[in-house]
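One-letter residues, chain by chain:
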Amino acid sequence: DDFEEEPPQFLCPITQELMTEPVNCKDGVTYERSAILDWIDRHGTSPTTREPLNNSHVFPNLVLKEMIQEFRRSKNAKLKLN
């Protein structure tokens, strides 16, 4: 099977899915934007450390976003060749 597995760092720890809008949080963890904002709205804490979090603690992870986009492009190119 030539299909590449998604690198674990590309997966959101909340959804376990490939991220499209990764964001860093004050807890040092990267999450999918919509997943962590929903989590913060419901719990007000980090899902990893349980420390208090709010929406102002969320910052785009542009480097990881570009890496994920490149991974998707590479994966799509390989699919087209098969």
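As a reminder, the structure under discussion sits directly above these lines.
Please read all numbers here as calculations on a predicted model, not as lab measurements. (Residues numbered from 1 in each chain as written. Predicted model: local features only at pLDDT ≥ 70, side-chain atom pairs only at ≥ 80, totals over all residues. Heavy atoms only, no water.)

K.L.:
Help me get a handle on the environment of Gln69, residues and values and all.
P.N.:
Summarising the element assignment, Gln69 is placed in helix H2 (residues 62-81). Considering only alpha carbons, one finds Gln69 and Met19, 50 residues apart in sequence, at a separation of 9.5 Å. (Helix = DSSP H or I, 4+ residues; strand = E, 2+ residues; numbered from the N terminus.)

K.L.:
Account for the environment of Arg50, naming residues and giving values.
P.N.:
Mapped onto the secondary structure, Arg50 falls in the loop between helix H1 (33-43) and strand E3 (58-60). Residue class for Arg50 comes out exposed when judged on its relative accessible area of 52%. Measuring from C-alpha to C-alpha, the distance between Arg50 and Asp27 comes to 8.9 Å, with 23 residues separating the pair along the chain. With residues up to four places along the chain from it excluded, the contact list for Arg50 reads Trp39 and Thr45. For Arg50, the side chain forms a polar contact with the main-chain oxygen of Pro47, separated by 2.8 Å. (Buried < 20%, exposed > 50% of the residue type's maximum accessible area, 1.4 Å probe, protein only. Contact = heavy atoms within 4.5 Å. Polar contact = N/O pair within 3.5 Å; in protein donor to acceptor, adjacent residues only side chain to side chain.)

K.L.:
Residues and numbers for the state of the cysteines, please.
P.N.:
For the structure on display, the rule yields zero disulfides. Free cysteine: Cys12, not disulfide-bonded; nearest cysteine sulfur from Cys25 at 9.4 Å. (Disulfide = S-S within 2.5 Å.)

K.L.:
I'd like a rundown of the pattern of salt bridges, residues and numbers included.
P.N.:
Scanning the entire structure with this criterion turns up six salt bridges. Between Asp38 and Arg42 there is a salt bridge, and its shortest N-O distance comes to 3.0 Å. Here Asp38 pairs with Arg42, and both are found in helix H1, just four residues apart, close to one helical turn. With a relative accessible area of 38%, Asp38 lands in the partly exposed category. A residue is classified by how much of its surface remains accessible, and Arg42, at 52% relative accessible area, is exposed. Residues joined in a network through salt bridges with shared partners are Glu66, Glu70 and Arg73. (Salt bridge = Lys/Arg side-chain N within 4 Å of Asp/Glu carboxyl O.)

K.L.:
So, the packing of aromatic side chains: which residues are in play, and what are the values?
P.N.:
Applying the stated criterion to the full structure yields one aromatic pair. When the ring of Phe10 is compared with that of Phe71, the centres are 5.7 Å apart and the planes differ by 75°; the resulting orientation is edge-to-face. In this pair, Phe10 is assigned in the segment before strand E1 (22-25) and Phe71 in helix H2, connecting sequence segments 61 residues apart. In this structure Phe10 comes out as buried when scored by relative accessible area, which is 5%. (Phe/Tyr/Trp six-rings, centres within 6.5 Å; stacked < 30°, edge-to-face > 60°.)

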